[in-house]
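One-letter residues, chain by chain:
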Amino acid sequence: MIRVENLVKKYGNTVASNRLNCRFEQGKVTVILGGSGSGKSTLLRQITGLERPDSGAVYFDGMDLALATQKKLYEKRRKMGMLFQGSALFNYLNIFENIAFPLREHTKIAESVIKTIVTMKLEMVGLRGTEKLMPSQLSGGMMKRVGLARAIVMDPKIIFYDEPTSGLDPISTGVIGKLIMDLNSKLNITSVVVSHDIESCFKIADKIIILFYGDIIAEGSVDEIRNSEDLRVKQFINGEPEGPIPFNRTDKNYLDELLMEQE
Amino acid sequence: MNFDIPALIGRSTLSRIQALGQSGIFLAIAFIKAFLPPFRIIRLIKEIEFIGSKSFLIVAVTGLFTGMVLGLQGYHTLTQFGAEALLGSAVALSIIRELGPVLCALMVTGRAGSAIAAQIGIMKITDQFPALEMMAIDPVKYVISPKIIAGIISLPLLTAVFDVIGIMGGYLVGVKLLGVNEGAYFSKMVSAVTFTDIYGGILKSLSFGLLIAWISSFMGFMAEPTTEGVSTATTNAVVLTSLSILIVDYILTSLLL
């Protein structure tokens, strides 16, 4: 469904994507894992066309999004849904209007049908009855579920999830995980999940990609990742403070820096 | 740390010029997109309601008291020369030429400009722009363009309201309170105010409407994606818009006279 080839993206001297090559298969749940600053959000922004790579290609349904015109990109976007980290609901619209928004913008469906569709989507995320509320009246977990209802309202072929479980309590995390799997199995929707929540990702993933400072250091099924011999992968999935992945961001020698202050 | 003064000056100058260029491109893109289909009439009407009709009361009150003060001050100055009959033309000319467009624009800046910057800034920090992008909706065309056009449409109308109410305020104080002759008040006004005065006032208010929507939107759009960023953007929007209104007012006046 999506094929990434030699993707390069730099911000100043920081390499966020270092010649990445990967695939996101039709009907599968692919999870991109990585710590903060590993370039996973940058990768997501590039495969959705929100950001253009410095070089390389992102093929979506056979079209290179990196070179696409705005019109072509928007055509492909009709097949995409995205759940943002902060839900990105429109704060000036109520829940019903938020979910109905893409339908009203892109289709000429009658209001009565829009009402039916919105009710169905709200039922899928278990939030029927909240139509009249404003986003600010909902909890974080409920906002994510509304965000998900909005993401699927146009019946996309692929859904991108940016940190779908971050900041949620364990039950909401479980609900979101189940929703992702349901959408995937019942509607055969392709899912791309960006996360650092290892436990919940292992439950839902068909394939895992682990990023480390702009490089893919591991790629495979949950079992393959679990049994990986790579020390960096081991440290990451076990959350160990000591290991090949440094906790400190600076290369400067600690003693040198302390002594320099004295001078 | 070593301070290289010329480099510092150069860097800050460059970044300012760059921001100026960015804001120009921003305006050009938003303006062009406003005239490309699909036209968003409902969005435009909502923005006119927000910038225009919701500013009506504050503009009307400002206009009334400005006119009343002008009536009071004008009367006391003009009676010294026995020329209180000229009060009507004095009030009308100062309101139509200067005070109407400028004060109206400053009031709208305080009310709507700050709200525009805050609203756009909040949309930015909560990822609503990429959300629109992902729904295949152009954020600039959807959010910014209607605001720019609404600003250009609203300000001349609000200024007209300000002018009329201001003149009536001067009438209330001058004629009804201080006893200037009613016929003199209006006839001197009609003979003194020329088409150029009205045309100049409209031209000013059109430019101020553009300035308010443009600068406030740009400040919100360029806000740092943090809560401090949004509050700074809101403050900057009001300060910069107010200053540019006064500067542009001087330039336009010097060209019109």
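Procedures and definitions
Residues numbered from 1 in each chain as written. Chains lettered and ligands numbered in written order. Predicted model: local features only at pLDDT ≥ 70, side-chain atom pairs only at ≥ 80, totals over all residues. Contact = placed C-beta atoms within 7 Å. Helix = DSSP H or I, 4+ residues; strand = E, 2+ residues; numbered from the N terminus. Nonpolar A, V, L, I, M, F, W, Y, C, P; charged D, E, K, R; others polar. Pairing = 2+ DSSP bridges. Core = buried A, V, L, I, M, F, W, Y, C linked by C-beta atoms within 7 Å. Buried ≥ 20, exposed ≤ 12 C-beta atoms within 10 Å, placed from the backbone. Axes fitted to C-alpha atoms, helices over the stretch in contact; angles between N-to-C directions.

Caption draft 1: Structural detail: the interface of chain A and chain B. Each side of the interface is counted separately: chain A has 15 residues, and chain B has 11 residues. Elements with a contribution of two residues or more to the side of chain A that touches chain B: α2 (70-77), β6 (80-83) and α3 (95-106) of chain A. Looking at which element gives the most residues to the side of chain A that touches chain B, the answer is α3 of chain A, with three residues. Among the residues forming the side of chain A that touches chain B, the class breakdown is eight nonpolar, four polar and three charged.

Caption draft 2: Layout of the pairing of strand β2 (residues 14-24) of chain A. Residues and elements named next belong to chain A. Relative to β2, strand β1 (residues 2-11) is paired through seven bridges, and the arrangement is antiparallel. Within β2, the position partnered with Tyr11 by the bridge is Thr14. The hairpin turn running from β1 into β2, its antiparallel successor, is two residues long, and Gly12 in that turn takes a positive phi close to 60°.

Caption draft 3: Spotlight on the nonpolar core. With 125 residues, the main nonpolar core has Ile32, Ile99, Ile159, Val193 and Ile210 of chain A as its most contacted residues. By residue number, the principal contributor to this core is helix α4 (residues 87-125) of chain B, which donates 17 residues. Beyond its immediate sequence surroundings of up to four residues, Ile32 of chain A is in contact with Lys40, Leu43, Leu44, Val192, Val193, Val194, Ile209 and Leu211 of chain A.

Caption draft 4: Structural view of the sheet that holds strand β8 (residues 190-195) of chain A. All names here are of chain A. Overall, mixed pairing links the six strands, which are arranged β6-β7-β8-β3-β9-β10 in an open sheet. Lying at the two open borders of the sheet, with one neighbouring strand each, are β6 and β10 (215-220). For this sheet the average axis-to-axis angle between neighbouring strands, irrespective of direction, equals 15°. In this sheet, β8 lies alongside strand β7 (residues 158-162) in parallel orientation, the contact comprising five bridges. By the bridge assignment, Phe160 is partnered in β8 with Val192.

Caption draft 5: Unusual backbone geometry, seen in detail. For the bond from Pro37 of chain B to Pro38 of chain B, the omega torsion is 0°, close enough to zero to count as cis. Positive phi values are uncommon outside glycine, yet Asp155 of chain A reaches one of about 50°. By secondary structure assignment, the location of Asp155 of chain A is in the loop between α5 (140-151) and β7. Despite not being glycine, Ala136 of chain B shows a phi value in the positive range, around 65°. By secondary structure assignment, the location of Ala136 of chain B is in the loop between α5 (128-134) and α6 (139-177).

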